[in-house]
Amino acid sequence: MNAPASSGLVAYFGYGSLVNRATHRTDIVDAFPARLIGWRRCWLARPDRPDIHSSLLSVCREEGAFCDGLLVIDRLDNLAAVDERESGYFRHLVGPHELEVVRAVPDGCPVYVYEVDGEAPLYSGPSTIMQSYLDAVLQGFLSVYGETGVRHFLADTHGFDTPIDADRYAPGYPRAVLLTDTERALFDAMLAEKVVGRRDR
């Protein structure tokens, strides 16, 4: 899981809420668009908290797949705090052949991606996608990749047949974001196009 970071820096690939800088809680050094090769995003039931029925966004290996996201360059001293934020996920080293970047990663800086812990049993009961979490993810993709990026996220992420828990106005996600009226209308319209289920509160 760990690799030497001779630069004093560490990088991690954000494919969900980490794409949205408003959710960051560490003083990052840099962040720029990147693509993870051989992985696909998917919604998975929580492996660690069967009492919490909200799904987690993860990635899984899939030949020929890719997902766009944000490569975050952070200080190595902040990695423990990021690990705590990503509780329930396993941190994997990313090989150079698995990453496409718009500019070079600093020398001596390892790159990681967080994947839901596959060794823990997944909750088998009914699950939902927390809307306040999804809002943060979609806002991040809109900021980095525009409407095309949001549409690609919705089209290419497995598990969107999972009902959405409409908690936008009483957010359960601890790093919930504020949406503009335009963002709110755009996300709702795009989700409606997918005929996603909704579990109203």
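Structure: see above.
Quick caveat: nothing in here was measured; it's all calculated off a predicted structure.

J.: Please clarify how the overall build of the protein chain should be interpreted in this entry.
T.: When helices and strands are tallied, the protein chain shows three helices and nine strands. In the protein chain, the succession of α and β elements from N to C terminus is β-β-β-α-β-β-β-β-α-β-α-β. Here the analysis covers contacts within the protein chain between residues at least 6 apart in sequence; of these, 82% occur between residues at least 24 apart.

J.: I'm lost on the sheet that holds strand β3 (residues 56–75) in this one. Help?
T.: Within a sheet, adjacent strands bond to each other through the backbone by hydrogen bonds, running parallel or antiparallel. Sheet architecture is open: six strands sit in the order β4-β6-β1-β3-β2-β5, paired in mixed fashion. Among the strands making up the open sheet, the edge pair consists of β4 (89–93) and β5 (99–101). This sheet shows a mean twist of 35° between the axes of neighbouring strands, independent of strand direction. Lying over the sheet, helix α2 (residues 131–156) contacts β2 (30–44), β3 and β4, oriented at roughly 85° with respect to β2.

J.: I tried to follow the pattern of salt bridges on my own but got confused; where do I start?
T.: Two side chains carrying opposite charge are able to pair once their charged atoms lie near each other. Summed over all chains, the structure comprises 12 salt bridges. A salt bridge links R40 to E62; the shortest N-O distance between them is 2.9 Å. Note that R40 is positioned in strand β2 and E62 in strand β3, a separation of 22 residues in sequence. Owing to a relative accessible area of 14%, R40 belongs among the buried residues under this scheme. For E62, a relative accessible area of 26% puts it in the partly exposed group.

J.: Help me understand the packing of aromatic side chains in this model?
T.: For any two aromatic rings, the description comes down to two numbers: the centre-to-centre distance and the angle of the planes. One pass over the structure, following the stated rule, counts six aromatic pairs. Where F141 meets Y145, the ring centres are 6.0 Å apart and the plane angle is 25°; that geometry is what we call stacked. Of this pair, F141 and Y145 both sit in helix α2, separated by four residues, roughly a single helical turn. Using a relative accessible area of 2% as the deciding quantity, one classes F141 as buried. Arranged with centres 5.0 Å apart and planes meeting at 40°, the rings of F141 and F153 form a pair that is tilted. The residues F141 and F153 share a single accessibility class, namely buried.

J.: Is there a simple way to explain the environment of G108 in this structure?
T.: Position of G108 among the secondary structure elements: in the loop between β5 and β6 (111–116). When the C-alpha atoms of G108 and S7 are compared, they prove to be 5.1 Å apart, with 101 residues separating the residues in sequence.

J.: Please explain the layout of surface pockets as it appears in this structure.
T.: Regions of empty space are outlined by a rolling probe, equal in size to a water molecule, passed over the atoms. Considering only enclosed or pocket space, the largest pocket measures out at about 450 Å³ in volume. Surrounding the largest pocket, 24 residues form its lining, L56, R85, Y89, Y173 and R175 being those nearest its centre. Breaking the lining of the largest pocket down by element, the ones donating at least two residues are β1 (9–14) and β3. Split into classes, the residues belonging to the lining of the largest pocket amount to 11 nonpolar, seven polar and six charged. Approximately 160 Å³ is the volume attributed to the second largest pocket. Along the walls of the second largest pocket sit S132, D135, R168, Y169, P171, A176, V177, L178, L179 and R184, which together make up its complete lining. A per-class count over the lining of the second largest pocket returns six nonpolar, one polar and three charged.

What counts, and at which threshold
- Residues numbered from 1 in each chain as written.
- Predicted model: local features only at pLDDT ≥ 70, side-chain atom pairs only at ≥ 80, totals over all residues.
- Heavy atoms only, no water.
- Helix = DSSP H or I, 4+ residues; strand = E, 2+ residues; numbered from the N terminus.
- Contact = heavy atoms within 4.5 Å.
- Pairing = 2+ DSSP bridges.
- Axes fitted to C-alpha atoms, helices over the stretch in contact; angles between N-to-C directions.
- Salt bridge = Lys/Arg side-chain N within 4 Å of Asp/Glu carboxyl O.
- Buried < 20%, exposed > 50% of the residue type's maximum accessible area, 1.4 Å probe, protein only.
- Phe/Tyr/Trp six-rings, centres within 6.5 Å; stacked < 30°, edge-to-face > 60°.
- 1 Å grid on protein atoms, 1.4 Å probe; cavity = no way out; pocket = protein on both sides within 12 Å on 5 of 7 lines; lining within 4 Å.
- Points joined across faces, edges and corners; volume = space filled by probe spheres on them.
- Nonpolar A, V, L, I, M, F, W, Y, C, P; charged D, E, K, R; others polar.

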